[in-house]
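Descriptive analysis of the structure
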Amino acid sequence: MIMKSDQFLVLVAVSIVIIGIWVIAPSSAQAKTSIPTITPTELTATAVSPTQINLSWNAPTQNYGKTIIGYKIEQRLSTGAFYTIIENTGSIITTHSLTGLTTSTTYAYRVSAVYSDYSTTDPSNAASATPTPTSVPPPTPSSSSPITNVKFDFTPSDGTTLTAVIITQTDYQILQYKKDSRSIISNAVSTPEVITNDLNGVIAYQNNHLSPSTIPGPLMAKVVSPTQITLSWLSPVENYQQSIVGYKIEWKRAPGDYVIIDDNTHNDTKKYSIVGLTTGTYTYRVSAIYSDHTTSNPSNEASTIILTSQPTTPSQTVPPTTTTSPSPTTTQQPVTNVKFDFTPSDGTTLTAAILTQSDYQQLIVIKDPRSIISNIAQTTGTINNNLSGLLRYQTIHSKETIPTQQTSNYTPSPANNTNNPSIGLLWGVATSVIAFGIIGIITWLVKTKIAKKISKEYYFTLEKFVEDGILHIRIRNSGQTIEDCIILCGEVACVWTDTKIDKPRHAYEGSISVVRLPDGYENNSLISVKSGKKVLKKVQLDDMAHG
């Protein structure tokens, strides 16, 4: 059958329409779907005066569950490379003013978002502008537009926070440049609320609350979960030409009573998390530890409160109805205790002990330094012990080294002639002299280094940790100095990280030293601590506590 020409044309037209719909429909659907952005976008730079450029951009829309706390701003050099001029604006506002620029000079910038874990996104597009003698601000918005101010918290270096400050956008931008480098701006948001302060007022508050430049600060404490607090701080400005090798963290147990919870973090990271906490108020302070083993004065005290349950967002009030409904039942959060193995100095391990969070926190502070806690985990299991029980177990299973009592076994020989009183008298005098001489020698021996070395008591603990992908062992020596100390992994000596040589050294009283395990060590190697040729302790690597 031959198809008529008009029917053929109709068929062709319908086919074209169907094909067009098939091709165009997906692209239309795509156009309606917004693509998440993972970096700041649409950065623009506008010269608003002969010496000022204003930046504006859009925040990323895909933040992977993180919170933006500020933006990093970089400026381009003539070589094309970028360098950081502002590490963190400390604000979620997506505008920034750069002042004090040179007229008729072109400047280019880019921005990156800073997250709450202090990581940053990739940078935005680059934007440039040139301030000229005729540069002027953009037109002022109409009077009908709401005036947007900035609301934020302001914390100078002594840790005293001025909360909910509201100033104009202009004052806020200038504050970024005039504030002290140790003052922190947090929780910044745009707001139409009436201003409560101005630039001069905030600067005056700051100048009255600056701490000495030789201590860390401000220290800030933040509750991140019902059992965890995170501390953050800034390092001292004046370090006396020493490098910071760590920080000491202290918990305030009572007024004037501080407990060291970490005597040295062994890094210059200015952030520290404390876990395993319960409901209550916690106060902390930190001190910088320098490369010459000196310690700065402590920072300000930072306090925060862990509530039984986190406050919920208040809901709108619903008018009461005549229907009587049963009272809502409160879902009780499961109590989280701590489960661990406890090994006193005689090596007898008490396995799977379960304490309350409070008892556990006190135990790690007051336990014998020779006792080891390992295999720590949170659990909802039933408590099977308490603090006093663990301390009693520790007392029973702690080795005490008793110095050997040196006594004389000398027995004088009978006199050859007892009938001669002269000889008897001489023999008695000689016996007394010899006895006194022996007592003097014994006394001298006790007072010498030889006797002290014989009766020496060694109290130390071993901890394992990983740094830069390499397994290390930390030895905390709370007893007398371990002379010619060698730490062996199997038959191979570990390397002391401070000297970078594989030789014996001294582990001084009260010191904390670190060794690096040799490459290719066997799993669960036997770790031995020796003083010269004397073996002081042996422990399996898998049984060692984590530092």
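Residues numbered from 1 in each chain as written. Predicted model: local features only at pLDDT ≥ 70, side-chain atom pairs only at ≥ 80, totals over all residues. Heavy atoms only, no water.

**Things to note about the nonpolar core**
- Leu 462, Ile 473, Ile 475, Ile 487 and Ile 527 are the most contacted members of the largest nonpolar core, which totals 20 residues.
- Of all the secondary-structure elements, those providing two or more residues to this core are β21 (460-467), β22 (470-477), β23 (482-489) and β28 (526-531).
- Looking at this core element by element, the count peaks at four residues for β23.
- Ignoring anything within four residues of it in the chain, the contact list for Ile 487 reads Ile 475, Val 492, Ala 493, Cys 494, Trp 496, Val 515, Ile 527, Ser 528 and Val 529.
- Of all hydrophobic cores here, the second largest spans 19 residues; its members include Leu 43, Leu 55, Ala 127 and Ala 129. (Core = buried A, V, L, I, M, F, W, Y, C linked by side-chain atoms within 4.5 Å. Buried < 20%, exposed > 50% of the residue type's maximum accessible area, 1.4 Å probe, protein only. Helix = DSSP H or I, 4+ residues; strand = E, 2+ residues; numbered from the N terminus. Contact = heavy atoms within 4.5 Å.)

**Side note on the environment of Thr 106**
- Along the polypeptide, Thr 106 turns up in the loop between β5 (95-98) and β6 (107-115).
- Once the C-alpha coordinates of Thr 106 and Pro 131 are considered, the two residues, 25 residues apart in sequence, prove to be 7.2 Å apart.
- Contacts of Thr 106, omitting those with residues within four sequence positions, involve Ser 128, Ala 129 and Thr 130.
- Side chain to side chain, Thr 106 and Thr 130 meet in a polar contact 2.7 Å long. (Polar contact = N/O pair within 3.5 Å; in protein donor to acceptor, adjacent residues only side chain to side chain.)

**Quick word on the side chain of Thr 461**
- Counting through the fold element by element, Thr 461 comes out in strand β21.
- Setting aside residues up to four positions removed in sequence, Thr 461 forms contacts with Pro 369, Arg 370, Ser 371, Arg 474, Ile 475 and Arg 476.

**Brief notes about empty space enclosed by the protein**
- Taken as a whole and assessed by the stated rule, the structure comprises one cavity of 30 Å³ or more.
- Taken together, Trp 57, Thr 89, Ser 91, Ile 93, Thr 95, His 96, Tyr 172, Gln 173 and Gln 176 make up the full set of residues lining the largest cavity.
- Residue assignment for the lining of the largest cavity shows that the elements contributing at least two residues are β5 and α2 (169-178).
- Examining the composition of the lining of the largest cavity, we find that three residues originate from one element, α2, more than from any other.
- Class assignment for the residues of the lining of the largest cavity results in three nonpolar, six polar and no charged. (1 Å grid on protein atoms, 1.4 Å probe; cavity = no way out; pocket = protein on both sides within 12 Å on 5 of 7 lines; lining within 4 Å. Points joined across faces, edges and corners; volume = space filled by probe spheres on them. Nonpolar A, V, L, I, M, F, W, Y, C, P; charged D, E, K, R; others polar.)

**Remarks on the packing of aromatic side chains**
- According to the stated counting rule, one finds five aromatic pairs in the structure shown.
- Sitting above the plane of the Phe 82 ring, Arg 110 keeps its charged end 4.2 Å from the centroid. (Phe/Tyr/Trp six-rings, centres within 6.5 Å; stacked < 30°, edge-to-face > 60°. Lys NZ or Arg CZ within 6 Å of the ring centre and 35° of its normal.)

**Section: the sheet that holds strand β4 (residues 82-86)**
- Across the sheet, which stays open at both edges, the four strands sit in the order β4-β3-β6-β7 with antiparallel pairing between neighbours. Each of the sheet's edge strands pairs with one partner strand only, and the pair in question is β4 and β7 (127-129). Adjacent strand axes in the sheet meet at a mean angle of 40° when their direction is disregarded.
- Bridge count for strand β3 (residues 68-76) against β6 is seven bridges, and the pairing is antiparallel. Each residue of the ladder has a partner; that of Tyr 71, found in β6, is Ala 113. (Pairing = 2+ DSSP bridges. Axes fitted to C-alpha atoms, helices over the stretch in contact; angles between N-to-C directions.)

**So, the packing of α2 against helix α3 (residues 199-207)**
- For the pair α2 and α3, the least separation of the axes is 10 Å and the interaxial angle reads 30°. By the angle between their directions, the pair α2 and α3 is classed as roughly parallel. In this structure, α2 crosses over α3, and the sense of that crossing is right-handed. Of α3, the residues touching α2 (which contributes Asp 171, Ile 174, Leu 175 and Lys 178) are Leu 199, Val 202, Ile 203 and Gln 206. (Parallel < 35°, antiparallel > 145°, perpendicular 65-115°, else oblique. Left-handed = near helix turned anticlockwise from the far one by under 90°.)

**Thoughts on unusual backbone geometry**
- That bond from Gly 217 to Pro 218 is cis: its omega, 0°, falls within 30 degrees of zero.
- Despite not being glycine, His 266 has its phi angle at roughly 60°, a positive value.
- Within the secondary structure, His 266 sits in the loop between β14 (257-262) and β15 (271-274).
- Residue class for His 266 comes out partly exposed when judged on its relative accessible area of 26%.

**A look at the pattern of salt bridges**
- Using the criterion set out here, one finds ten salt bridges in the structure.
- Asp 180 is the partner of Arg 182 in a salt bridge, and the nearest nitrogen-oxygen pair spans 3.6 Å.
- Asp 263 is paired through a salt bridge with Arg 476; the nearest N and O atoms lie 3.0 Å apart. Here Asp 263 is found in the loop between β14 and β15, whereas its partner Arg 476 is found in strand β22, with 213 residues between them in sequence.
- Through salt bridges with shared partners, a single network forms among Asp 263, Glu 463, Arg 474 and Arg 476. (Salt bridge = Lys/Arg side-chain N within 4 Å of Asp/Glu carboxyl O.)

**Looking at the layout of surface pockets**
- Computed from the structure, the second largest pocket encloses a volume of approximately 1600 Å³.
- Looking at the second largest pocket, it is lined by 47 residues, and the ones nearest its centre are Ile 69, Asn 88, Tyr 118, Ile 184 and Ile 185.
- Counting residues per element, the ones that place at least two in the lining of the second largest pocket are β3, β8 (149-155), α2, β10 (184-191), β11 (220-225), β12 (228-232) and β17 (302-306).
- Here the lining of the second largest pocket takes five residues from β10, the largest share from any one element.

**A closer look at the sheet that holds β14**
- If you walk across this open sheet you meet the four strands as β14-β13-β16-β17, and the pairing is antiparallel. Two strands bound the open sheet, and with one partner strand each, they are β14 and β17. Adjacent strand axes in the sheet meet at a mean angle of 35°, parallel and antiparallel pairs treated alike.
- Where strand β13 (residues 244-254) and strand β16 (residues 280-290) come together, seven bridges link them in antiparallel fashion. Across the sheet, the residue bridging to Trp 251 is Tyr 284, located in β16.

**Regarding α3**
- Within α3 the residues assigned to the buried category are Leu 199, Val 202, Ile 203, Tyr 205 and Gln 206. Within α3, the buried residues cover an arc of 160° as seen down the axis, which keeps them to one side.
- Elements in contact with the buried residues of α3: β8, β9 (162-167) and α2. (Arc of directions from axis to C-beta.)

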